[in-house]
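Now for the letters of each chain:
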Amino acid sequence: MQELVSLSSLHYLYLLGVLIIIIVMVAREDTPMICIGFLFILGFVGKGSIIGGIQTVFQAILYAAKEFMEIIATIALVTALSKCLIDLGSDYLLMTPMSRIMKNPSVTWWILGITMFLFSLFLWPSPSVALVGAIMLPFAIKAGLNPLAAAIAMNLFGHGFALSYDFVIQGAPAISSSAAGISVADFLSEGTPVFLVMGIVTVISAFLIHRKSFTVSPKLIDEQDTVSARPSHFSGAAIFLAVLTPLAFLADIIAMIVFDFSGGSATSIVSGTALLLMCLGAFFGFKRRSFGKVTSYITEGFSFAIRIFAPVIIIGAFFFLGGSGITEIMGEQFQTGLLNDWAVWLAENAPLNKYAAAVIQVVTGALTGMDGSGFSGLPLTGSLAQTFGYAVNASVPVLAALGQVTTIFVGGGTIVPWGLIPVAAICNVSPLELARKNIMPVCIGLLAAFLTACLLL
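These numbers come from a predicted model, not from an experiment.

What counts and what doesn't
- Residues numbered from 1 in each chain as written.
- Predicted model: local features only at pLDDT ≥ 70, side-chain atom pairs only at ≥ 80, totals over all residues.
- Heavy atoms only, no water.
- Helix = DSSP H or I, 4+ residues; strand = E, 2+ residues; numbered from the N terminus.
- Buried < 20%, exposed > 50% of the residue type's maximum accessible area, 1.4 Å probe, protein only.
- Areas by Shrake-Rupley, 256 points an atom, 1.4 Å probe, with all protein chains shown as cover.
- Axes fitted to C-alpha atoms, helices over the stretch in contact; angles between N-to-C directions.
- Parallel < 35°, antiparallel > 145°, perpendicular 65-115°, else oblique.
- Left-handed = near helix turned anticlockwise from the far one by under 90°.
- Contact = heavy atoms within 4.5 Å.
- Patch = residues over 30% accessible without salt bridge, like charges linked within 9 Å, V, L, I, M, F, W, Y side chains within 5 Å.
- Salt bridge = Lys/Arg side-chain N within 4 Å of Asp/Glu carboxyl O.
- Phe/Tyr/Trp six-rings, centres within 6.5 Å; stacked < 30°, edge-to-face > 60°.
- Lys NZ or Arg CZ within 6 Å of the ring centre and 35° of its normal.
- Core = buried A, V, L, I, M, F, W, Y, C linked by side-chain atoms within 4.5 Å.
- Polar contact = N/O pair within 3.5 Å; in protein donor to acceptor, adjacent residues only side chain to side chain.
- Disulfide = S-S within 2.5 Å.

Caption draft 1: Seen up close, the overall build of the protein chain. When helices and strands are tallied, the protein chain shows 20 helices and 0 strands. Expressed as a percentage of the 457 residues in the protein chain, the buried residues total 57%. Per element, the accessible surface of the protein chain, about 18,600 Å² overall, is 67% carbon and sulfur.

What follows is the structure, encoded as structure tokens:
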């Protein structure tokens with residue numbers, strides 16, 4: 001058995017930082033400033049100089065940026081593709097066939113949700129909200145689905161199920177696995193039962209709980225019939241890209257299965273495909289203007305990705321000190337993460353076991369999700385998974401998966417009202433009402449995911 005670690009002032013300062021960050025998150029305030037302040041303090045104490053503190057701030061942010069750069073680029077490129085699809089009108093062509101099978105509110109709810117799930121896997125929920133909502137929502141309401149019910153479906157399938165699993169783009173898994181010190185492939189392989197149980201139980205619970213209120217008023221259906229938002233003509237480029245895009249991504253999935261691609265290899269296929277599709281769409285759709293269009297789409301894509309990840313990089317910079325990243329950030333004299341040391345100490349001095357570790361993951365994920373970003377808590381839950389998994393001999397991927405589904409379902413845009421605004425806005429419903437409707441299904445899903453994790457630990 002490993003000897004009990006000797007806790008220093010550095011450990012106590014780090015724990016203080018974690019607690020303050022959680023408190024600030026619960027208070028619905030941004031935490032990057034707190035993280036930067038504690039990075040400086042930890043660097044100052046650990047290296048014994050002001051210069052050391054300043055260097056630690058930058059080195060930690062640089063380390064986090066390198067860890068996240070692959071997924072930042074991926075999100076940027078798939079967002080660039082979505083911009084091109086919208087400009088050409090290909091997005092409408094992709095969605096329209098779905099409207100033909102929307103026969104009643106219940107069927108429509110599932111079609112809308114599953115469509116949102118599939119698009120979110122490849123384009124992420126934020127751009128998918130615009131794509132799915134703007135095109136399919138009028139069809140859904142015409143089929144008799146209440147806008148609030150539509151928002152529930154889009155929200156739980158997109159910002160909940162798809163974003164928490166994220167096995168195609170692998171943005172969330174990349175953050176969690178990096179912080180947990182494991183590969184993305186191992187994380188997804190062992191954590192998949194937790195993701196599937198959480199997502200499936202949540203959406204089924206939502207359907208059973210709210211299906212009696214799915215039907216919209218006939219007046220609203222009549223209003224939708226007067227909306228003329230359908231293009232009367234589609235260019236050859238729009239049709240070409242609408243057909244090629246799903247075929248190309250389907251080919252990607254087949255290639256991943258046949259050649260057993262995962263992790264960075266799988267992400268690079270999706271990213272490269274998105275970029276090439278965007279270039280083809282711009283070339284055929286805008287001819288000589290395509291040079292400027294490609295630049296514009298890429299700029300918009302990276303602006304979107306950086307806007308999402310800028311605070312995550314700063315927060316991750318602090319939490320990477322809790323794991324193996326501390327060696328590269330602060331030097332060879334630091335061989336073990338500060339949170340890892342706390343877990344070893346806690347395992348020796350407190351009645352900590354696998355199930356208590358699972359409870360801690362759920363509580364921590366819920367608290368860190370309160371900031372509404374959905375991603376800022378992943379470095380912490382990932383680090384804790386590594387820490388407690390090592391301390392109590394539990395599955396690190398399963399603990400990390402449990403923390404991830406909790407953090408994203410709470411903060412990614414299904415429970416916290418200030419994270420629901422995009423979906424609520426496009427469906428023209430109250431974010432507070434949408435959050436209230438989501439609470440019970442998500443809580444049921446979390447209980448099921450927790451029990452599943454306990455069986456797998």
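Caption draft 2: Region of the structure containing the packing of helix α5 (residues 105-123) against helix α7 (residues 147-165). Put simply, α5 and α7 touch, their axes get as near as 8 Å, and they point 30° apart. Between α5 and α7, the angle is such that the two are roughly parallel. The chirality of how α5 crosses α7 is right-handed. Residue-level inspection shows W109, W110, L112, G113, I114, M116, F117, S120 and L121 of α5 in contact with α7, the latter providing A149, A150, I152, A153, M154, F157, G158, F161 and A162.

Caption draft 3: Fine view of unusual backbone geometry. We note that D166 has phi near 50°; this positive angle belongs to a residue other than glycine. In the Ramachandran plot, K287 falls in the positive-phi region, its phi being about 50° despite a non-glycine side chain. Its place among the elements puts K287 in the loop between α12 (264-286) and α13 (290-319).

Caption draft 4: Region of the structure containing a nonpolar patch on the surface. There is a patch of nonpolar side chains on the surface, built from I239, V243, L247, L250, I253, I254, I257, V258, F259 and F261 and spanning about 960 Å² of accessible area. Mapping I257 onto the fold places it in helix α11 (residues 236-258). Assessed through its relative accessible area of 64%, I257 is described here as exposed.

Caption draft 5: Fine view of the packing of aromatic side chains. The tally for this structure, following the rule as stated, stands at 18 aromatic pairs. Relative to F320, the ring of Y63 lies with its centre 5.3 Å away and its plane at 80°, an arrangement referred to as edge-to-face. Remark: F320 occurs in the loop between α13 and α14 (325-330) and Y63 occurs in helix α3 (residues 50-88); sequence separation between them is 257 residues. For the pair Y63 and F320, a shared accessibility class is recorded, and that class is buried. Ring centres of F187 and F195 lie 5.6 Å apart, and the angle between their planes is 70°; this geometry places the pair in the edge-to-face category. This pair shows no difference in class: F187 is buried, exactly as F195 is. Three or more aromatic residues joined by ring pairs form one cluster here, namely W109, W110, F157, F207 and F214. When the ring centre of F286 is taken as reference, the NZ or CZ atom of K293 above it lies at 4.8 Å.

Caption draft 6: Representation of the environment of I360. Within the secondary structure, I360 sits in helix α16 (residues 354-368). For I360, a relative accessible area of 26% gives the class partly exposed. Distance from I360 to L399, taken between C-alpha atoms, is 9.6 Å for residues 39 residues apart in sequence. Those residues within four positions of I360 in sequence are excluded, and the remaining contacts are L352 and F388.

Caption draft 7: Representation of the pattern of salt bridges in the model. With the rule as written, the count across this model stands at 4 salt bridges. Put simply, D87 and K293 hold a salt bridge, and the shortest N to O gap is 3.5 Å. Here K293 lies in helix α13 and D87 lies in helix α3, a separation of 206 residues in the sequence. Judged by relative accessible area, which is 42%, D87 ranks as partly exposed. Note on K293: relative accessible area 21%, which makes it partly exposed.

Caption draft 8: Inspection of the nonpolar core at higher detail. The biggest cluster of nonpolar side chains holds 148 residues, and the ones touching the most others in it are Y14, F68, W109, F309, F318 and F375. Looking at this core, the element that brings in the most residues is α3, giving 15 residues. Setting aside residues no more than four positions away along its own chain, F309 makes contact with F68, I71, I72, I75, W124, I175 and F375.

Caption draft 9: Representation of the environment of I41 within the structure. With respect to the secondary-structure elements, I41 resides in helix α2 (residues 32-47). Given a relative accessible area of 33%, I41 falls into the partly exposed group.

Caption draft 10: The arrangement of the side chain of Q404 in detail. With respect to the secondary-structure elements, Q404 resides in helix α18 (residues 396-414). There is a polar contact of 2.7 Å between the side chain of Q404 and the side chain of S176.

Caption draft 11: Focus on the state of the cysteines. For the coordinates displayed, the defined rule picks out 0 disulfides. C279 carries a free sulfur, and the closest cysteine sulfur to it, the one in C84, is 8.7 Å from it.

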